[in-house]
Amino acid sequence: MESRLYTPDEFRAAPADLAPRAEPREVLLCEPSHYRIEQALNPHMASGGALHRVDRREAWAQWEALGAAYARLGYPVHVLAGAPGLPDMVFAANQALPFEDERGRRAAVLARMQAPSRRGEVPHYAKWLAARGYACLEIPSDGAGEDALTLEGAGDCLFLPGRRALLAGIGPRTTAAALARLAPLLGMPVIGLRLVHERFYHLDTCLMPLSPRSALFVREALAPDAAALVERLFEDPIAVPLAEADSPGFACNAHSPDGRHVLIQRGSKATLAALAARGFEPIELETGEFVKAGGSVFCLKMMAY
Ligand code: ARG
């Protein structure tokens, strides 16, 4: 398989044909010390023109409970300090995409954030990654304008469970031009999935691979060829009702670190029942203070090796 950008229809391989990939086991969180809602970067951050207000004590408690849930499952949790003037830095999924290359060496592709207010977050994460021995890679900017090359890390980049292939969102935050340059850096095929619903602005709000067999997805938020690809790659996909995937439920922005437990925002009944029926063990968490800014469990952590 070539390391290039594919459309869903071009990508004909089955997961079993792809090289294997080890899942990361380290969790990186960022303290919500400077977390605020200062401008509406996505449609969830305001209603009726007014920005949501964060309850800071409640945000800290929710963030601590998330870290504790990973620790209980046996995942080491690392913590980055928040930085003044970077109100979205707590959303640790976006600043870089850590991976292992074909030879098992650690590398991370640094994000090129779409929102100017978030660009200053990237060096903080790059510093942590470099200190852990990661080669920090940048998307080459040759021949394309800056705005054409945005890429928001794991927010739009989801690895196929256990395999060397990436499912990537093309939408308001990440561009096809950036993904075409990402594939050779990763050394794996990248399949571009077009996002078609404005409330599902990152791929991780409307698609979540859980295990080699199953994934949560929102049909209405993906272009028809992208939804068809999800149904081709996963034997047992779970179509999440739009109402549960939208805020405040944010059901797709869940995370299964081990293919069995699913950390998920509390309360999405149909999704929880679908997970339980397939033998997953949901761990319901309250992340409401972060959903106010358009992110839940998946957005709040970076997985590293
Ligand atoms: N307020 C942040 C933004 O709009 C939320 C980021 C959520 N992260 C995610 N991976 N979906 O950029």
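See the structure printed just above.
The model shown is predicted, which means the values in this text are computed figures rather than measured ones.

What counts as what
- Residues numbered from 1 in each chain as written.
- Predicted model: local features only at pLDDT ≥ 70, side-chain atom pairs only at ≥ 80, totals over all residues.
- Heavy atoms only, no water.
- Helix = DSSP H or I, 4+ residues; strand = E, 2+ residues; numbered from the N terminus.
- Buried < 20%, exposed > 50% of the residue type's maximum accessible area, 1.4 Å probe, protein only.
- Polar contact = N/O pair within 3.5 Å; in protein donor to acceptor, adjacent residues only side chain to side chain.
- Contact = heavy atoms within 4.5 Å.
- Phe/Tyr/Trp six-rings, centres within 6.5 Å; stacked < 30°, edge-to-face > 60°.

Student: So what exactly am I meant to see when it comes to the side chain of His255 here?
Tutor: Here His255 lies in the loop between helix 5 (242-245) and strand 15 (261-265). Overall, His255 belongs to the buried group, its relative accessible area being 8%. A polar atom in the side chain of His255 sits 2.6 Å from the side chain of Tyr70. His255 has contacts with Tyr70, His261, Val262, Leu263, Val297, Phe298, Lys301 and Met303, leaving out every residue within four places of it along the chain.

Student: Just to check I follow, could you spell out the packing of aromatic side chains for this structure?
Tutor: To describe a pair of aromatic rings, one takes the distance between the centres and the angle between the planes. Applying the stated criterion across every chain, the model contains five aromatic pairs. With a centroid separation of 4.9 Å and 25° between ring planes, the pair formed by Tyr35 and Phe290 is classed as stacked. On the criterion of sequence distance, the pair formed by Tyr35 in the loop between strand 2 (26-30) and strand 3 (46-47) and Phe290 in helix 7 (residues 288-291) is long-range, its members being 255 residues apart. With respect to class, Tyr35 is no different from Phe290; both count as buried. Consider the rings of Trp60 and Trp63, whose centres lie 5.6 Å apart with planes at 80°: the pair is edge-to-face. Note that Trp60 and Trp63 are positioned in helix 1 (residues 56-72) at a spacing of three residues, about one turn of the helix. By relative accessible area, which is 27% here, Trp60 ends up partly exposed. For Trp63, a relative accessible area of 7% gives the class buried.

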